[in-house]
Amino acid sequence: MKVFVTGGTGCIGKHLVKALAENGHRVQVLVREKKDLTGVKKSGAKGILGNLEDKKFLQDALSGCDLCYHLAAIRSDWGYSWQDHYHTNVELTNNLLDAAVGRVKHIILISSVKADHPTTSYGKSKQQVEKVAKEFYRKKNLPITIIRPAIVFGPGDSFLGMMPKLISLIKNGKFITVGNGKNHLHLLYIEDLV
């Protein structure tokens, strides 16, 4: 199967790309920076320099793809405005979906549980992304599956991930227990998500 992946150089994306390549798929990964080409190649995939702003690039890259996994997003709220989140997470997803119509058999859109009742710019942008995706499904017959992972953790998680932050707070004696300490978090190991 021919697969195109955005966000393939991120934590989840690296695991996904490796698993897809190991399972014999022809994987192409959108790469924005030349330095990331080597890592993508080591995982058994082909990196393609480009960006989600370039509609012609997207049309060419998506032509004949069986599947597109869309993971690219700004996920942190620190240092980013609502406009940053909206542009990257919503408008650029719109570019991708528009280019995918008639070229890709199926889109797997990675969203977030934060889209359910959003309180942050990230969550609000993910809620908007889902609305855009549903419109493409309804109006343009683009097959889309939306996945809302909970808190993902595992090898390669960066300082932006919740688990590394939590572990650091506990380790440094800065963690504050909220409520009675019996709160539940929904965690998802990265390989289980993949």
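Everything below is about the structure shown above.
Summarised in this report is the structure supplied together with it. (Residues numbered from 1 in each chain as written. Predicted model: local features only at pLDDT ≥ 70, side-chain atom pairs only at ≥ 80, totals over all residues. Heavy atoms only, no water.)

**Some words on the overall build of the protein chain**
Moving on, step 1. Per the secondary structure count, the protein chain includes seven helices and eight strands.
Moving on, step 2. The C-alpha atoms of the protein chain give a radius of gyration of 17 Å, which matches the 16 Å a tight globule of 194 residues would have.
Moving on, step 3. Reported as C-alpha extents along the three principal axes, the dimensions of the protein chain are approximately 55 × 35 × 25 Å.
Moving on, step 4. Sorting the 194 residues of the protein chain into buried and exposed places 38% on the buried side.
Moving on, step 5. Restricting to contacts in the protein chain with at least 6 residues of sequence separation, those with at least 24 account for 66%.
Moving on, step 6. With the model as given, the accessible surface of the protein chain reaches about 11300 Å², and the carbon-plus-sulfur share is 53%.
Moving on, step 7. Across the protein chain, the centroid of the 28 positively charged side chains sits 2 Å from that of the 17 negatively charged ones. (Helix = DSSP H or I, 4+ residues; strand = E, 2+ residues; numbered from the N terminus. Rg over C-alpha atoms; globule rule 2.2 N^0.38 Å. Buried < 20%, exposed > 50% of the residue type's maximum accessible area, 1.4 Å probe, protein only. Contact = heavy atoms within 4.5 Å. Areas by Shrake-Rupley, 256 points an atom, 1.4 Å probe, with all protein chains shown as cover. Lys, Arg positive; Asp, Glu negative; His and termini not counted. Charge placed at Lys NZ, Arg CZ, Asp CG, Glu CD.)

**Overview of the nonpolar core**
Moving on, step 1. Residues Phe4, Leu62, Leu97, Ile107 and Ile144 are the most contacted members of the largest nonpolar core, which totals 26 residues.
Moving on, step 2. Broken down by secondary-structure element, the contributors of at least two residues to this core are helix 3 (55-62), strand 4 (65-70), helix 4 (82-100), strand 5 (104-110) and helix 5 (121-140).
Moving on, step 3. Ranked by residues supplied to this core, first place goes to helix 4 with six residues.
Moving on, step 4. If we skip the residues at most four places from it in the chain, Ile144 touches Leu97, His106, Ile107, Leu109, Ala133, Phe136 and Tyr137.
Moving on, step 5. Grouped together as the second largest cluster of nonpolar side chains are 16 residues, Leu16, Val17, Tyr69 and Ile108 included. (Core = buried A, V, L, I, M, F, W, Y, C linked by side-chain atoms within 4.5 Å.)

**Observations concerning the pattern of salt bridges**
When their charged atoms lie close together, side chains carrying opposite charge are able to pair.
Moving on, step 1. All chains considered together, the criterion is met by 10 salt bridges.
Moving on, step 2. In this structure, Lys140 engages Asp98 in a salt bridge whose closest nitrogen and oxygen atoms are separated by 3.4 Å. Taken as a pair, Lys140 in helix 5 and Asp98 in helix 4 lie far apart in primary sequence, 42 residues in all.
Moving on, step 3. Classification of Asp98 by relative accessible area gives partly exposed; the value is 35%. (Salt bridge = Lys/Arg side-chain N within 4 Å of Asp/Glu carboxyl O.)

**Brief notes about the sheet that holds strand 3 (residues 46-49)**
Moving on, step 1. Read across the sheet, six strands follow the order 3-2-1-4-5-6 without closing on themselves; strand pairing throughout is parallel. Edge positions in the sheet fall to strand 3 and strand 6 (144-147), since each of these pairs with one other strand and no more. Across the sheet, the axes of successive neighbouring strands diverge by a mean angle of 20°, strand direction being ignored.
Moving on, step 2. The sheet contact formed by strand 4 and strand 5 spans five bridges and is parallel. When the bridges of strand 5 are listed, His70 appears paired with Leu109.
Moving on, step 3. Of the strands in this sheet, strand 5 and strand 6 are in contact with helix 5, which crosses strand 6 at around 160°. (Pairing = 2+ DSSP bridges. Axes fitted to C-alpha atoms, helices over the stretch in contact; angles between N-to-C directions.)

**Some remarks on the environment of Gly13**
Moving on, step 1. Tracing the backbone shows Gly13 in helix 1 (residues 11-22).
Moving on, step 2. A residue is classified by how much of its surface remains accessible, and Gly13, at 1% relative accessible area, is buried.
Moving on, step 3. Sequence spacing of Gly13 and Thr93 is 80 residues, and the spatial spacing of their C-alpha atoms is 16 Å.
Moving on, step 4. Among all residues touching Gly13, those that are not within four sequence positions of it are Gly7, Gly8 and Leu71.

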